[in-house]
Amino acid sequence: MTNPINHRPLGLTVAIVTLALDQLIKYAVTYPLALKSRADLGIEILPIFRLRWLENRGVSMGFFHADTDLMRWGLVGMTILIAGFVGVWMWREKARSDVAALGLVLGGAIGNIVDRMRLGYVVDYADLHFGEWRPFLIFNLADAAITFGVLILLARALLLREKGAKTETLK
């Protein structure tokens, strides 16, 4: 019996690069660009994309807003548990693309955990908009990495399930 290919180094590399890029960009918008001092004006990059400062004290879509230290550390604990689950899943996963997707999720989760532990909030800065319409809340690279990682996992799960169902029907 042959050993399956180990894609752990890929997953760890994706997670570390995601975390490093996330923290580097957050540092840049916080200090050199001083985005916080620019209030709501921010910095226009494109007519549909602006850098704007937001201190996110909740999680996705503003849920679980952590107003107290107890709530903040509870949120940190919950996200550490989720990141731990993702890390174990990544460690055990055999499919290369799933390992890479889990690396995106893990790196993004750790990036936001670092912010919440260090600052008490997550630094969000990316404002995609079409006129006054915003398809997303203001987000950051970690959020985007988590979203893309989950979408890859879902797409692969749905596509593989569909492919497996067609194979079973042909038998």
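What counts, and at which threshold
For every chain, the first residue of the written sequence is number 1, and numbering continues from 1 along that sequence. This being a predicted model, a pLDDT of at least 70 is required before a residue's local features are given, and a value of 80 or more before pairs of side-chain atoms are given or counted; all residues contribute to the totals for chains, interfaces and linings. To get the side-chain values, all heavy atoms of the structure are used, and hydrogens and water are removed first. Here, the term nonpolar core denotes a set of buried Ala, Val, Leu, Ile, Met, Phe, Trp, Tyr and Cys residues that are joined through side-chain atoms within 4.5 Å. Type-normalised accessible area, obtained with a 1.4 Å probe on protein chains alone, sets the label of each residue: buried when under 20%, exposed when over 50%, and partly exposed for intermediate values. Each helix is a run of H or I in the DSSP string that is no shorter than four residues. Each strand is a run of E no shorter than two, and both are numbered from the N terminus. Contacts are assigned to residue pairs that have any heavy atoms within 4.5 Å of one another. Helix span, as expected, comes to 1.5 Å for every residue beyond the first. At least two bridges found by DSSP between two strands are what make those strands a pair. Think of it this way: a Phe, Tyr or Trp ring, Trp meaning its six-membered ring, pairs with another when their centres are within 6.5 Å, and the plane angle makes it stacked under 30 degrees, edge-to-face over 60, tilted otherwise. By salt bridge we mean one thing: a side-chain nitrogen of Lys or Arg within 4 Å of a carboxyl oxygen of Asp or Glu. Each patch is built from residues that are more than 30% exposed by relative accessible area and take part in no salt bridge. Like charges join if they lie within 9 Å; nonpolar side chains (Val, Leu, Ile, Met, Phe, Trp, Tyr) join within 5 Å. Using the Shrake-Rupley algorithm and a 1.4 Å probe, accessible areas are obtained, with residue cover drawn only from the displayed protein chains. On a scale of 0 to 100, pLDDT captures the predictor's confidence in every residue. Axes here refer to lines fitted to C-alpha atoms; in helices the fit is confined to the stretch in contact. Angles between the N-to-C directions go from 0 to 180 degrees. The handedness criterion is simple: a crossing whose near helix is rotated anticlockwise from the far helix by less than a right angle is left-handed, and one whose near helix is rotated clockwise is right-handed. Classification used: nonpolar for Ala, Val, Leu, Ile, Met, Phe, Trp, Tyr, Cys and Pro, charged for Asp, Glu, Lys and Arg, polar for all others including Gly. We define a polar contact as two N or O atoms separated by no more than 3.5 Å, with the added condition that, inside protein, one atom must be a possible hydrogen donor and the other a possible acceptor, whereas residues neighbouring each other in sequence contribute only through side-chain atom pairs.

**Student:** Help me understand the nonpolar core, please; the structure alone is not making it clear to me.
**Tutor:** Counting twelve residues, the largest nonpolar core consists of Ala15, Ala83, Val86, Met90, Val99, Ala101, Leu102, Val105, Leu106, Ala109, Ile113 and Leu153. Taken together, the elements giving at least two residues each to this core come down to helix 2 (69-92) and helix 3 (96-119). Not counting residues up to four positions away in its chain, the partners in contact with Ala101 are Gly149, Ile152 and Leu153.

**Student:** How should helix 2 be read in this particular structure?
**Tutor:** Because an α-helix packs 3.6 residues into every turn, residues spaced three or four apart end up facing the same way. Taking 1.5 Å of rise per residue, the 24 residues of helix 2 would be expected to cover 34 Å, and the 34 Å separating its terminal C-alpha atoms lies within 8% of that figure. Of the positions making up helix 2, those classed as buried are Arg72, Leu75, Val76, Ala83, Val86, Gly87 and Met90. On the buried face of helix 2, the contacting elements are helix 1 (8-30) and helix 3.

**Student:** So what exactly am I meant to see when it comes to the pairing of strand 2 (residues 49-56) here?
**Tutor:** Consecutive side chains of a regular strand alternate in pointing toward one face of the sheet and then the other. Inspection of the sheet shows strand 1 (residues 43-46) paired to strand 2 by three bridges, in the antiparallel sense. From the neighbouring strand, Glu44 faces strand 2, where its bridge partner is Arg50. Linking strand 1 back to strand 2 in an antiparallel pair, the connection comprises two residues.

**Student:** How do you make sense of the packing of aromatic side chains when you look at a structure like this?
**Tutor:** By convention here, two paired aromatic rings are described through the distance between centres and the angle between planes. Under the criterion given, the structure shown has five aromatic pairs. Ring centres of Phe136 and Phe139 lie 6.1 Å apart, and the angle between their planes is 75°; this geometry places the pair in the edge-to-face category.

**Student:** Teacher, can you tell me more about the environment of Val76 here?
**Tutor:** For Val76, the location among the structural elements is in helix 2. Among the residues examined, Val76 registers a relative accessible area of 3% and is labelled buried. Residues Val76 and Gly120, spaced 44 residues apart in sequence, show a C-alpha to C-alpha distance of 9.5 Å. Setting aside anything within four residues of it in sequence, one finds Val76 in contact with Arg116 and Met117.

**Student:** Explanation requested: the pattern of salt bridges in the structure shown.
**Tutor:** This model, assessed by the stated rule, comprises nine salt bridges. Close ionic contact of Asp127 with Arg134 constitutes a salt bridge, the shortest N to O distance being 2.8 Å. Residue classification places Arg134 among the partly exposed positions, given a relative accessible area of 32%. One connected set of salt bridges, linked through shared partners, spans Asp22, Lys26 and Asp115.

**Student:** I keep staring at a nonpolar patch on the surface and nothing clicks. Help me out?
**Tutor:** A cluster of nonpolar side chains, contributed by Ile45, Leu46, Ile48, Phe130 and Trp133, occupies part of the molecular surface with about 510 Å² of accessible area. Following the sequence through the fold, Ile48 ends up in the loop between strand 1 and strand 2.

**Student:** So what exactly am I meant to see when it comes to the confidence of the model for the chain here?
**Tutor:** Averaged over all residues, the pLDDT of the chain equals 90, while 89% of them reach at least 70. The secondary-structure element of the chain with the lowest mean pLDDT is helix 4 (residues 141-170), recorded at 82, while helix 1 shows the highest, at 98.

**Student:** Explanation requested: the packing of helix 1 against helix 3 in the structure shown.
**Tutor:** In a pair of packed helices, the angle between the axes and the distance between the axes together describe the arrangement. Interaxial distance between helix 1 and helix 3 falls to 7 Å at its minimum, and their mutual angle equals 35°. In the packing of helix 1 onto helix 3, the handedness of the crossing is right-handed. Within the contact of helix 1 with helix 3, the residues separate by chemical class into ten nonpolar, eight polar and five charged.

**Student:** I keep staring at the side chain of Asn140 and nothing clicks. Help me out?
**Tutor:** For Asn140, the position within the fold is in the loop between strand 3 (122-128) and helix 4. Using a relative accessible area of 1% as the deciding quantity, one classes Asn140 as buried. Separated by 2.9 Å, the side chain of Asn140 and the backbone nitrogen of Ala142 make a polar contact. In contact with Asn140, other than residues within four places in its own chain, are Asp22, Lys26, Asn112, Val122, Val123, Asp124 and Tyr125.

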